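# Overview (structure and organization)
Listed below are the residues making up each chain.
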Amino acid sequence: LVKFAVPSIIAMLVSALYNIVDQIFIGQSVGMLGNAATNVAFPLTTVCTAIALLLGIDGAANFNLSMGAREEKRASGFIGGSIVLLITCGVVLMLVVRIFLNPMMHAFGATPDVLEYALTYTGITSFGFPFLIFSTGASNLIRADGSPKFSMACVLVGAVINTILDPLFIFGFNMGMAGAALATILGQIVSALFAAYYLIF
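What comes next is a walk through the structure. This is a predicted model, so every value here is computed, not measured.

## Some points on the overall build of the chain
The number of helices and strands found in the chain is nine helices and zero strands. Written out in order from the N terminus, the α and β elements of the chain read α-α-α-α-α-α-α-α-α. Taking 17 Å as the expected radius of gyration for a compact globule of 201 residues, we find that the chain reaches 18 Å, a close match to that expectation. Its C-alpha atoms put the chain at 60 × 30 × 25 Å along the principal axes. Within the span of the chain, comprising 201 residues, buried residues form 45% of the whole. For the chain, the accessible area works out to roughly 10,000 Å², and carbon and sulfur atoms hold 72% of it. Charged side chains in the chain number 7 positive and 8 negative. The centres of these two groups are separated by 16 Å.

Written out as structure tokens, the structure is:
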């Protein structure tokens, strides 16, 4: 229990760092309007997490049940099905957000002062939704396969990259909100690549 629980707890805590780290650096550079913009965009991150957990945990549970019944071919099918659904839902959500970005920001409470920052931040981070959904969901599949530490590493590497790139892009390259968003999606892309490497090889 400890072998699986501790890495899972650490991964969940670290995943929260994405928003916290962005808030810290944006607050120091852009100010309170930038912080407000990230809060306006946060519901979409919650939607990504919800979709990823729905498909990832479901696939992991069915995978384990099939392996317990010694139905390895069926178990592989659940893993493959989960991966396809994670990627598909990520792409669909990204397209929906890109199409309805402006009305969504208004619906989430963006004021005229905050709107420009929210559009910039969410407009860039939306490209990372497929990677965020895939990496979050795949971490559950990897854990179900008996590799909780690798599952934790997938989350950790992305958070570390985001933490390093945030000050570099925001202050070093003077990119502001765009820099914070770019650092976030690069971290998510690396996490997704780590997860894909495990699932493929």
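The discussion continues.
## Points about the state of the cysteines
With the rule as written, the count across this model stands at zero disulfides. There is no disulfide at C89, and the cysteine sulfur nearest it, in C48, is 10 Å away. For C89, a relative accessible area of 26% gives the class partly exposed. Of all cysteine sulfurs, the one in C48 lies closest to C154, which takes part in no disulfide; the gap is 17 Å.

## Some words on the layout of surface pockets
In this model, the largest pocket occupies a volume close to 740 Å³. At the level of secondary structure, the elements contributing two or more residues to the lining of the largest pocket comprise α1 (2-15), α2 (17-29), α3 (32-68), α6 (112-125), α7 (129-144), α8 (148-172) and α9 (176-200).

## Section: the environment of F171
Its place among the elements puts F171 in helix α8. The sequence separation of F171 and L93 amounts to 78 residues, and the corresponding C-alpha distance is 31 Å. When near neighbours in sequence (up to four residues on either side) are disregarded, F171 contacts F25, Q28, S29 and D166.

## Focus on the nonpolar core
In this structure, L93, V97, M105, Y121, I133 and F134 are the most contacted members of the largest nonpolar core, which totals 42 residues. Going through the elements one at a time, α2, α3, α4 (72-99), α5 (101-107), α6, α7, α8 and α9 are the ones with two or more residues in this core. Ranked by residue count, the leading element in this core is α3, at 10 residues. Setting aside its immediate chain neighbours within four residues, L93 contacts V47, C48, I51, F129 and I133. Listed in part, the six residues of the second largest apolar core include A11, M152, V155 and A159.

## A closer look at a nonpolar patch on the surface
A cluster of nonpolar side chains, contributed by I87, V91, L95, I99 and F100, occupies part of the molecular surface with about 460 Å² of accessible area. Examined against the element boundaries, F100 turns out to sit in the loop between α4 and α5.

## Details of the packing of aromatic side chains
In this structure the tally under the stated criterion is five aromatic pairs. Here F169 and F173 contribute two aromatic rings whose centre-to-centre distance is 5.8 Å and whose plane-to-plane angle is 25 degrees, an arrangement assigned as stacked. Using a relative accessible area of 9% as the deciding quantity, one classes F169 as buried. Through a chain of ring-to-ring contacts, the aromatic side chains of F150, F194 and Y198 assemble into a single cluster.

## Notes on the pattern of salt bridges
For the structure shown, the criterion picks out one salt bridge. Between R74 and E71 there is a salt bridge, with its nearest N and O atoms 3.6 Å apart.

## Things to note about unusual backbone geometry
One non-glycine residue, R70, lies in positive phi territory at about 60 degrees. Here R70 lies in the loop between α3 and α4. Residue classification places R70 among the exposed positions, given a relative accessible area of 76%. Located in the positive-phi region is N174, a residue other than glycine, with phi close to 55 degrees. Along the chain, N174 turns up in the loop between α8 and α9.

Analysis parameters
- Residues numbered from 1 in each chain as written.
- Predicted model: local features only at pLDDT ≥ 70, side-chain atom pairs only at ≥ 80, totals over all residues.
- Heavy atoms only, no water.
- Helix = DSSP H or I, 4+ residues; strand = E, 2+ residues; numbered from the N terminus.
- Rg over C-alpha atoms; globule rule 2.2 N^0.38 Å.
- Buried < 20%, exposed > 50% of the residue type's maximum accessible area, 1.4 Å probe, protein only.
- Areas by Shrake-Rupley, 256 points an atom, 1.4 Å probe, with all protein chains shown as cover.
- Lys, Arg positive; Asp, Glu negative; His and termini not counted.
- Charge placed at Lys NZ, Arg CZ, Asp CG, Glu CD.
- Disulfide = S-S within 2.5 Å.
- 1 Å grid on protein atoms, 1.4 Å probe; cavity = no way out; pocket = protein on both sides within 12 Å on 5 of 7 lines; lining within 4 Å.
- Points joined across faces, edges and corners; volume = space filled by probe spheres on them.
- Contact = heavy atoms within 4.5 Å.
- Core = buried A, V, L, I, M, F, W, Y, C linked by side-chain atoms within 4.5 Å.
- Patch = residues over 30% accessible without salt bridge, like charges linked within 9 Å, V, L, I, M, F, W, Y side chains within 5 Å.
- Salt bridge = Lys/Arg side-chain N within 4 Å of Asp/Glu carboxyl O.
- Phe/Tyr/Trp six-rings, centres within 6.5 Å; stacked < 30°, edge-to-face > 60°.

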